[in-house]
Amino acid sequence: MAIETALSSAETLRLYEKYLIPNYIRYPVNLVRGEGSTVWDSEGNKYLDLFNGWGCNLLGHCPAAVVQAVQEQVASLIHVPNTWCTDVQARWAELLSERSFGGKAFFCNSGAEAVESAIKLARLWGTPDRYKIITFQRSFHGRTYGAVSATGQPKYHDGIGPLLAGFQYIPFGDLDAVRQAVDPQTCAILVEPVQGEGGMNLPPEGFLAGLRQIADEQKLLLIFDEVQTGCGRTGEWFAYQHFGVTPDIMTLAKAVCGGIAGGAMLARGELAPLLRPGTHAATFGGNPIAARAGIATIETIEREGLLSEAQRIGDYFQASLTGLAREVSCIRDVRVLGTMIGVELEIDGAPIVGGCLERGVLVNCTQQTILRLLPALVLTQEEAEQGFETLAEVIREVATASG
Ligand SMILES: Cc1ncc(COP(=O)(O)O)c(C=O)c1O
């Protein structure tokens, strides 16, 4: 059944070609509706979404509690600037703080903005002499100038220089190289506990604890970018909780508002006064709609026991993909932490993404050879099996075709 819509996918594409800047590779599909792990296009085609909103729709598409909270909020107070208080922003900060390390929140609207605020806070802390920040090769922190300068991937720097100075990109996992890189001007270490866009790279044993130790010894701030890993994605509220290592600053976005745009930076209480009035701001940051959505997201995860669902989904994919890897030689590695799921291939992943799309399953490929799944915590066992079987079928076909 076709969904009632003004435009077909083909008509929509024509407008995109004429009026949109072509900075994204887009599926040639006009999506019109989503529910749980399913989305529909304007022709009525149905897709199983295993890369739910690039990780933003952690509770699935249109989660009922978030929809209701936003509908109520939009009818009572849409926006007030941060020169006023709202109880919903205060309550949201309390919920995040209580579930992490008891810090204080600055609210913004995206991951890159959260990273920008963390960089600025680290530099304010290090001023006047210390401004350098150690980050990692294959990291991804966003596209604004501070965040992209922090990102340790040359392809994102091509042609846009000069970048913000002061970042050193160390191989992920190499504690000795981190130790050597620290100098009297270093103020912080910024790291994703699990690298997402860089290839679903899990931290080697002891790596995050080693960074904490170096930070403590050298009096550096340890910043965890949990934009992709945070808010229950990995089966704990925040990925660092798997490793028993606590950061001084943490960045959040993507899933933090259940699919509504929102971001946050949490910092230990002692650091908070450094962002004094006038140093930093975001007009829409922590607006009532994002705050209500953020509260509803946390409440839903708790009410429905979704943290353990991340574990269930991750265990299923770990076991089934590992089994597939024994059968198909083009799979080099399987890396899973909750619903962060990566499959490293020896072949290009693009035809696999295309083949899955043709069969109605949405997956992603990062770094050309790493298939990336970020399914919703509401993915049912039946959907997980259907998704895996389609993926396995396409991998087998593409592997055979590429010899
Ligand atoms: C770890 C991490 N940090 C920052 C960002 C940037 O987030 P945004 O696209 O919301 O600016 C991303 C986006 O993928 C991310 O994965």
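It should be noted that the structure appears before, not after, this text.
What you see is a predicted model; the values in this text were computed from it and never measured.

Novice: Quick question: what am I supposed to make of the environment of Ala 93 here?
Specialist: Along the chain, Ala 93 falls in helix α3 (residues 87–99). Ala 93 sits 14 residues away from Phe 107 along the chain, and the two C-alpha atoms are 8.7 Å apart. Setting aside chain neighbours within four positions, we find Ala 93 in contact with Ala 105 and Phe 107.

Novice: In this structure, what is going on with the sheet that holds strand β1 (residues 31–35)? I would like to understand it.
Specialist: Backbone-to-backbone hydrogen bonds join strands into a sheet, with any given pair of strands oriented parallel or antiparallel. Pairing in this open sheet of four strands is mixed, and the strands run β1-β2-β3-β13 from one edge to the other. The two strands at the open ends of the sheet, each matched to only one other strand, are β1 and β13 (361–362). Summarising the sheet, strand β2 (residues 38–41) and strand β3 (residues 46–49) pair through three bridges and their orientation is antiparallel. Note on β3: the bridge partner recorded for Thr 38 is Leu 48.

Novice: Quick question: what am I supposed to make of the site of the ligand here?
Specialist: Taken together, Ser 110, Gly 111, Ala 112, Phe 140, His 141, Gly 142, Glu 192, Asp 225, Val 227, Gln 228 and Lys 254 form the complete shell of residues around the ligand. Phe 140 is positioned such that a nitrogen or oxygen atom in its backbone is 3.4 Å from a nitrogen atom of the ligand. Taking Lys 254, its side chain carries an N or O atom lying 3.1 Å from an oxygen atom of the ligand. Coverage of the ligand by the protein chains reaches 80% of its 390 Å² of free accessible surface. Tallied by class, the residues present in the shell around the ligand amount to three nonpolar, five polar and three charged.

Novice: Hey, could you run me through the sheet that holds strand β10 (residues 263–267) in this one?
Specialist: Spatial ordering of the open sheet is given by β4-β10-β9-β8-β7-β5-β6, a layout of seven strands whose pairing is mixed. One side of each edge strand has no neighbouring strand; the edge strands of this open sheet are β4 (104–108) and β6 (167–170). Strand-to-strand, the axes of this sheet are offset by a mean angle of 20°, without reference to chain direction. Alignment of strand β5 (residues 132–136) against β6, held across four bridges, turns out to be parallel. Among the inter-strand pairings, Thr 135 is bridged to a residue of β6, identified as Tyr 169.

Thresholds, definitions, all that
- Residues numbered from 1 in each chain as written.
- Predicted model: local features only at pLDDT ≥ 70, side-chain atom pairs only at ≥ 80, totals over all residues.
- Heavy atoms only, no water.
- Helix = DSSP H or I, 4+ residues; strand = E, 2+ residues; numbered from the N terminus.
- Contact = heavy atoms within 4.5 Å.
- Pairing = 2+ DSSP bridges.
- Near = heavy atom within 4 Å.
- Polar contact = N/O pair within 3.5 Å; in protein donor to acceptor, adjacent residues only side chain to side chain.
- Areas by Shrake-Rupley, 256 points an atom, 1.4 Å probe, with all protein chains shown as cover.
- Nonpolar A, V, L, I, M, F, W, Y, C, P; charged D, E, K, R; others polar.
- Axes fitted to C-alpha atoms, helices over the stretch in contact; angles between N-to-C directions.

So far we have only geometry, and geometry alone does not tell us how the molecule works.
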